[in-house]
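# Coordinate inspection notes
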Amino acid sequence: AGETNFLFAGVQGNLPVFGGRNDGRSSASSAHAQASREARHAASNRVGAEVAESYAHVIAEARQIALHHQLIPIAKQAVESAESSYGAGRADFTMVLDSARELRMHELDLATHLAMYEQRLAELQRAVGVDLGIEQAAEGGHEEHR
């Protein structure tokens, strides 16, 4: 048991056998890519929902316009009938006024729904991102036939 001189030599290195520093970067990159895909999917769903909602509003306004196009001629006939009845002495003047007021209300509702239709159509055009011919329709003439 005496004094001995020892000499130690060593080599150190990283072997990627069990992972290491790059595992964190790799998983972070993978998570970032997945988050990007999910964000793109969410944006696609938002745009699809906006288009569907805008389209439903356009269809609803178009139906209201069609309804008032049917109701206005009936209301005009009611005014004519009330005027004839008043002229013959079979009805009072309030009946004529009520019929005329009803006609004006249908005409006002038609104008309101035409304006809402154009607004909803512009919203749909913005959601779709394509020109739907709004300007051509506006320049085309009779707005009640659009």
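Residues numbered from 1 in each chain as written. Predicted model: local features only at pLDDT ≥ 70, side-chain atom pairs only at ≥ 80, totals over all residues. Heavy atoms only, no water.

### Remarks on the overall build of the protein
Stated formally: Helix numbering and strand numbering both begin at the N terminus, where a helix is a DSSP run of H or I of at least 4 residues and a strand a DSSP run of E of at least 2. Only protein chains enter the accessibility calculation, which uses a 1.4 Å probe. A residue is then buried if its area is under 20% of the maximum for its type, exposed if over 50%, and partly exposed in between. Note on definitions: a residue-residue contact is assigned when non-hydrogen atoms from the two residues lie within 4.5 Å. Only the protein chains shown count as covering a residue, and every accessible area follows the Shrake-Rupley method with a 1.4 Å probe.
Per the secondary structure count, the protein includes three helices and zero strands. Sequence-ordered secondary structure for the protein, helices as α and strands as β, is α-α-α. A burial count over the protein gives 18% of its 146 residues as buried. The contacts of the protein with a sequence gap of at least 6 include a subset with a gap of at least 24, amounting to 67%. For the protein, the computed accessible surface area is about 11400 Å², with 55% contributed by carbon and sulfur atoms.

### A short note on the nonpolar core
Among soluble globular proteins, nonpolar side chains are generally buried collectively. Applicable threshold: Note on terminology: a nonpolar core comprises buried Ala, Val, Leu, Ile, Met, Phe, Trp, Tyr and Cys residues joined through side-chain atoms within 4.5 Å.
V58, I65, I72, A75, V79, L103, L110, L114, Y117, L121 and L124 form the largest nonpolar core, which has 11 residues in total. Per element, the largest residue contribution to this core is six residues, and it comes from helix α2 (residues 93-128).

### Overview of a nonpolar patch on the surface
Note the following rule: Exposure above 30% relative accessible area and the lack of any salt bridge qualify a residue for a patch; like charges then connect within 9 Å, and the nonpolar side chains Val, Leu, Ile, Met, Phe, Trp and Tyr within 5 Å. One speaks of a salt bridge when a side-chain nitrogen belonging to Lys or Arg is within 4 Å of a carboxyl oxygen belonging to Asp or Glu.
Together, Y86, F93 and L97 make up a nonpolar patch on the protein surface, roughly 310 Å² of accessible area in all. For F93, a relative accessible area of 43% corresponds to the partly exposed category.

### Concerning the environment of E123
As for its position among the elements, E123 is in helix α2. Residue classification places E123 among the partly exposed positions, given a relative accessible area of 24%. Once the C-alpha coordinates of E123 and E53 are considered, the two residues, 70 residues apart in sequence, prove to be 9.7 Å apart.

### Things to note about the pattern of salt bridges
A side chain with one charge may pair with a side chain of the opposite charge, provided their charged atoms come close. Summed over all chains, the structure comprises three salt bridges. Of the charged contacts, one joins R104 and E107 as a salt bridge, the two residues approaching to 2.8 Å between their closest N and O atoms. Of this pair, R104 and E107 both sit in helix α2, three residues apart, which is roughly one turn of that helix. Ionic pairing is found between E123 and R120, a salt bridge with its closest N-O pair at 3.5 Å. Here R120 and E123 lie together in helix α2, a separation of three residues that amounts to about one turn. On the accessibility criterion, R120 (19% relative accessible area) is buried.

### Thoughts on the side chain of E61
The cut-off we apply is this: Charged-residue counts in this description rest on Lys and Arg as positive and Asp and Glu as negative, His and the chain ends being excluded. The term polar contact refers here to a pair of N or O atoms within 3.5 Å; inside protein, the definition further demands a hydrogen-donor-capable atom paired with an acceptor-capable atom, and it admits residues adjacent in sequence only when both atoms are side-chain atoms.
Here E61 shows up in helix α1 (residues 21-88). Among buried Asp, Glu, Lys and Arg side chains, E61 stands out as unpaired, with R120 the closest opposite charge at 4.8 Å. Side chain to side chain, E61 and H113 meet in a polar contact 2.7 Å long. Those residues in contact with E61 that sit more than four places away from it in its chain are H113, M116, Y117 and R120.

Geometric values such as these leave the question of function open.
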